[in-house]
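In case you want the letters, here they are:
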Amino acid sequence: HRIVDSGVGLALCRRLLEEDGRIHLCIACRNAQKNEDTRDLILATYPAAQVSTVEVDLGNLASVLRVARELRCRFQRLDFVYLNAGIMPNPHVNFKALWHGLLTGKVLHMLTTAEGIMTQTDRLNGDGLQEVFATNLFGHFMLVRQLEPLLCGNEKPSRLIWTSSSNARESAFSLSDYQHAKGQESYSSSKYATDLTSVVLNRKFNKQGLYSSVVCPGLVMSNMTYRILPVFLWKLLMPIMWLIRFFAKTYTLTPYNGAEAHVWLFKQKPEYLDALVKYHSCTSGLGKNYVEPRKMDVDEEIAEKFYQKLLELEKQSLEKYSDLLD
């Protein structure tokens, strides 16, 4: 059984079925219509595929607890959980910083990591949590914790595969403000928090047969990226972006290419993977896809402290929604 979202998730579904048509895919989307549309798109290419759906909003804890209970009823085990949902609200490009990068020769680094040029405006959600932290990380964390009975102690290992980013930076993350209420780089902070979480989950759960990995899909043109600039500007930039690919291998551009690392991990034995490595989807200038492992810049002591904060927040959340627990 595999749980995925759409976007890169849709490309991933198709690519997983290319690898193994016998798998049962379970798609998780925020609304029933999107679920049905995604399922129809998959079945149009793979009419014999086993595809089911669940409805969940990762930014809503009640929704997460409900879907976890539903999944525990429907499945006896989960082999892979692709934790792929993500938001980047009101993204803004700092053109002044981009111009400075051009003058100082750092523009390629900035264009491949969005370091210093991307800001977001975050807000509180209905649970009183920062929306980006809740959707990109904490909702996933709660889901994983609630699905432990399906993930641990199986005959063969179960896998968590988190979609992180090259934009995940320690400088955007603070243990004292781990929800990133005070900054303007909530996306970067949430992705760095993802890296920290994955590292600790391996330490806690490998012995129970649960392994966690993080991937970066590269720069993929999707609904999220199209919101950063007006559509006409993207159309003008696209030829330039195809050229940049000759120098920046992380410009995967298409969802199919962006899913390369996700699919590569599907075929690996988890016990041989390095828990401190992020697997990047890359595409050469001539369009060849490959995976590049890169050591993550994570402090394991900070990772452990952050994990304890997540457990405290989880405890508070479960007390609030005790009626949704078995």
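Attention here is on the structure that accompanies the text. (Residues numbered from 1 in each chain as written. Predicted model: local features only at pLDDT ≥ 70, side-chain atom pairs only at ≥ 80, totals over all residues. Heavy atoms only, no water.)

All right, on to the pairing of strand 9 (residues 277-283) then. Extensive coverage of strand 9 is indicated by the burial of 7 of its 7 residues. Residues V277, Y279, S281 and T283 line one face of strand 9 and the alternating positions K278, H280 and C282 line the opposite face, and both faces are buried. The pairing of strand 8 (residues 210-216) with strand 9 spans 3 bridges and is classified as parallel. Bridged to V215 within strand 9 is Y279. Two strands pair when backbone bridges link them, and strand 9 and strand 10 (residues 289-295) are joined in this way by 7 bridges, in the antiparallel orientation. Among the inter-strand pairings, K278 is bridged to a residue of strand 10, identified as R294. Adjacent in sequence and paired antiparallel, strand 9 and strand 10 are bridged by 5 residues, among which G287 carries a positive phi angle near 95 degrees. (Buried < 20%, exposed > 50% of the residue type's maximum accessible area, 1.4 Å probe, protein only. Helix = DSSP H or I, 4+ residues; strand = E, 2+ residues; numbered from the N terminus. Pairing = 2+ DSSP bridges.)

The final tally for this structure, using the stated rule, is 10 aromatic pairs. Each ring, one from W264 and one from Y279, has its centre 5.3 Å from the other, and the planes form 35 degrees; the classification is tilted. A residue pair is termed long-range when its members are at least 10 positions apart, and W264 in helix 12 (residues 260-266) and Y279 in strand 9 qualify at 15 residues. In this structure, R15 packs its charged tip against the face of Y256, placed 4.2 Å from the ring centre. (Phe/Tyr/Trp six-rings, centres within 6.5 Å; stacked < 30°, edge-to-face > 60°. Lys NZ or Arg CZ within 6 Å of the ring centre and 35° of its normal.)

Moving on: the packing of helix 6 (residues 131-146) against helix 13 (residues 300-320). Here helix 6 crosses helix 13 at 75 degrees, and the two axes come no closer than 11 Å. Overall, the two elements helix 6 and helix 13 adopt an arrangement that is roughly perpendicular. Between helix 6, through F133, L137, F138, F141, M142, R145 and Q146, and helix 13, the contact on the second element is made entirely by F306, Y307, L310, L311, L313, E314, S317 and L318. For the contact of helix 6 with helix 13, the per-class residue count stands at 11 nonpolar, 2 polar and 2 charged. (Axes fitted to C-alpha atoms, helices over the stretch in contact; angles between N-to-C directions. Parallel < 35°, antiparallel > 145°, perpendicular 65-115°, else oblique. Contact = heavy atoms within 4.5 Å. Nonpolar A, V, L, I, M, F, W, Y, C, P; charged D, E, K, R; others polar.)

Following both chains from N to C, one finds helix 1 (residues 8-19) and helix 2 (residues 32-45) inclined at 30 degrees, their axes separated by 10 Å at the closest point. On the basis of their axis angle, the class for helix 1 and helix 2 is roughly parallel. At the point where helix 1 passes helix 2, the crossing takes the right-handed sense. Note on element contacts: helix 2 touches helix 1 through T38, L41, I42 and T45, opposite L10, C13, R14 and L17. Partitioned by chemical class, the residues of the contact of helix 1 with helix 2 number 5 nonpolar, 2 polar and 1 charged. (Left-handed = near helix turned anticlockwise from the far one by under 90°.)

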